[in-house]
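Survey of secondary and tertiary structure
Below are the chains, spelled out letter by letter.
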Amino acid sequence: MNPGVLQGTSRFRLVDYSVTAHVATICLNRPERRNAMDIEMRRELGEAAQDAVADPGVRAIVLTGSGGHFCAGGDIKDMQAGERLDAAAGRLRMKGAHTGIQAFFETDKPVIAAVDGYAYGGGFGLALIADIVLATPAARFCMSFMKVGLVPDCGALFTLARSVGLHRAKAAMLSARELDAQTGMDWGFVHELVSSADLQPYAQAMAEALAGGSAAAIALTKQALNQSQVTGFAAMLEIEASAQGIAFSSDFHREATGDFVAKRPSRFVWPGVPQAASVSSS
């Protein structure tokens, strides 16, 4: 695959999938419903996630939404369209949505969420699955489930407390109140604020930087951090030692240290923050 060529996947109707410069962009594309997820979109999102994870030419993933919004959560009209679900059927409905969520969380590849507008309900959960969350000042986050008598989903029961602490997670979920992007920064689940115009280019530049880094070091770091939430200190030191042993043996490490000694430019360069935006980082 030529990394400079944008490739589309035509079988998707509600999700746009493309790859350029080793970065897969998965864009929820149901703007007339603020990218609310119905059953078909959940299925397509899961398939797109599996495509990105399985493709050896993809080294980083960007999640985003079209039409000025990330994702308004589950489609309430879609929920009303069917018959009343019993507990078993409701559980199966959610299990179908877990394909993409689990793929994004477990993949070795870095995942960036680029959020503009609404990230409500399951959309908030989807953003939290990412390793890095970028947001515009217009982004709004809400665990809106209590408004319709549901339990937070799309992994949020796992991710939110780990991002913001137990009591803030409880307050956000039980109140179903809207959180603005600056609150996301203050609480720690938003990494940087950028303007709407800069959101997609900056997410792409950030993803390309990660795609050009050491795949081994990135994967080992991501997986170790995931394990750190449920692993003791002594076990984490062993994970650290084993991971570093692997990283020391990589070609990237050998070549990068050679660059450093020879005073050549670093091969891993993080993109500068867009100057047009009032930006801060957590």
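The structure under discussion appears in the preceding block.
It should be emphasised that the depicted structure is a prediction, and the values quoted were computed from it without experimental measurement.

**Looking at the environment of R34**
Checked against the element boundaries, R34 lands in the loop between β3 (23-28) and α1 (39-54). Sequence separation between R34 and G125 is 91 residues, and the spatial gap between their C-alpha atoms is 16 Å.

**Some thoughts on the nonpolar core**
With 52 residues, the main nonpolar core has I26, F104 and F141 as its most contacted residues. What I26 contacts, discounting residues up to four positions off in sequence, is V15, D16, Y17, L45, A48, A49, A52, I61, V62, L63, T64 and F104. A60, L134, V194 and M206 belong to the second largest nonpolar core, which has 16 residues in total.

**Focus on the packing of aromatic side chains**
Taken as a whole and assessed by the stated rule, the structure comprises seven aromatic pairs. On the numbers, 5.3 Å between centres and 50° between planes, the contact of F124 with F141 is tilted. Taken as a pair, F124 in helix α4 (residues 122-129) and F141 in strand β8 (residues 140-142) lie far apart in primary sequence, 17 residues in all. By the burial criterion, F124 is buried, and F141 matches it. Ring-pair connections join several aromatic residues into one group, and the members of that group are F124, F141 and F189. Taking NZ or CZ as reference, R162 lies 3.6 Å from the ring centre of F158, over its face.

**Here's the deal with helix α10 (residues 233-248)**
When the terminal C-alpha atoms of α10 are compared, their 22 Å separation across 16 residues agrees well with the 22 Å that a helix rising 1.5 Å per residue should span. Residues M236, A243 and A247 constitute the buried set of α10. Down the axis of α10, the buried set is contained in an arc of 45°. They therefore lie on one face. Of the exposed residues in α10, the ones pointing more than 90 degrees away from its buried face are A234 and F248. On its buried side, α10 packs onto α9 (215-228) and α11 (251-261).

**Notes on the sheet that holds β8**
Read across the open sheet, the three strands follow the order β6-β8-β9; overall the sheet is mixed. Edge positions in the sheet fall to β6 (118-120) and β9 (178-180), since each has one partner strand and no second. When strand polarity is set aside, the average angle formed by the axes of neighbouring strands in this sheet is 20°. Taken together, the three bridges between β8 and β9 define a ladder with antiparallel strand orientation.

**Side note on the pairing of strand β7 (residues 132-135)**
Regular strands have side chains that alternate between both faces of the sheet. Covered by surrounding structure in β7 are I132 and L134 together with V133 and A135, the residues of both alternating faces. One ladder, built from four bridges, connects strand β5 (residues 111-115) with β7; its direction is parallel. Bridge pairing in β7 places A114 opposite L134.

**Focus on the pairing of β3**
Here β3 lies mainly inside the structure; six of its six residues are buried. The two faces of β3 match: V23, T25 and C27 on one face and A24, I26 and L28 on the other face are all buried. Two elements, strand β2 (residues 15-20) and β3, share six bridges in a ladder whose sense is antiparallel. Bridging across to β3, V19 finds its partner in A24. Linkage of β2 to β3, two consecutive antiparallel strands, is achieved through a turn of two residues, within which A21 is found at a positive phi near 55°. Inspection of the sheet shows β3 paired to strand β4 (residues 60-65) by six bridges, in the parallel sense.

**Quick look at the packing of helix α5 (residues 156-164) against helix α6 (residues 166-175)**
Orientation of α5 relative to α6, taken along the N-to-C sense of each, is 130°, at an axis distance of 7 Å. As the angle between them shows, α5 and α6 are arranged oblique. Crossing of α5 over α6 shows right-handed handedness. Contacts from A156, L157, L160, A161 and V164 in α5 reach L166, R168, A169, A172 and M173 in α6. Split by residue class, the contact of α5 with α6 holds nine nonpolar, no polar and one charged.

**A closer look at the state of the cysteines**
Following the criterion strictly, the structure yields zero disulfides and no others. C27 takes part in no disulfide bond, and the closest cysteine sulfur to it belongs to C71, at a distance of 11 Å. Just so you know, C142 is unpaired, no disulfide at all, and the nearest cysteine sulfur is the one on C71, 13 Å from it.

**A short note on the environment of F268**
Position of F268 among the secondary structure elements: in the segment after α11. Its relative accessible area of 36% is what places F268 among the partly exposed residues. Expressed as a C-alpha distance, the spacing of F268 and A209, which sit 59 residues apart in the sequence, is 6.6 Å. Setting aside its immediate chain neighbours within four residues, F268 contacts A209, L210, G213 and F252.

Rules of the game
- Each chain has its residues counted from 1, following the order in which its sequence is written.
- Per-residue local features are limited, in this predicted model, to residues with pLDDT of at least 70; the limit for side-chain atom pairs, both in listing and counting, is 80 or more; totals at the level of whole chains, interfaces and linings are taken over all residues.
- Computation of side-chain values covers all heavy atoms of the structure but excludes hydrogens and water.
- Each helix is a run of H or I in the DSSP string that is no shorter than four residues. Each strand is a run of E no shorter than two, and both are numbered from the N terminus.
- Residues belong to a common nonpolar core when they are buried Ala, Val, Leu, Ile, Met, Phe, Trp, Tyr or Cys residues joined through side-chain atoms within 4.5 Å.
- Only protein chains enter the accessibility calculation, which uses a 1.4 Å probe; a residue is then buried when its area is under 20% of its type maximum, exposed when over 50%, and partly exposed in between.
- Only heavy atoms enter the contact rule, under which two residues are in contact if any of them lie within 4.5 Å.
- Only the six-membered ring of Trp is used, alongside the rings of Phe and Tyr, when aromatic pairs are assigned; centres must lie within 6.5 Å, and planes under 30 degrees apart are stacked while those over 60 apart are edge-to-face, with the rest tilted.
- The rule is short: NZ of Lys or CZ of Arg within 6 Å of the ring centre and within 35 degrees of the ring normal puts a charge over the ring.
- Here the expected length of a helix is defined as 1.5 Å per residue gap, with one fewer gap than residues.
- Arc, as used here, means the arc of the directions from the helix axis to the C-beta atoms.
- When DSSP locates at least two bridges between a pair of strands, those strands are taken to pair.
- Here an angle of 0 to 180 degrees is reported between the N-to-C directions of two axes, which are lines fitted to C-alpha atoms, with helices fitted over the stretch in contact.
- Oblique is the label for any angle not covered by the other classes, which are roughly parallel (under 35 degrees), roughly antiparallel (over 145) and roughly perpendicular (65 to 115).
- Should the near helix be turned anticlockwise from the far one by less than a right angle, the crossing is left-handed, and should it be turned clockwise, the crossing is right-handed.
- Basically, the charged four are Asp, Glu, Lys and Arg, the nonpolar ten are Ala, Val, Leu, Ile, Met, Phe, Trp, Tyr, Cys and Pro, and anything else, Gly included, counts as polar.
- Only a pair of cysteine sulfur atoms within 2.5 Å counts as a disulfide in this structure description.

Function-wise, these values are silent; they only describe arrangement.
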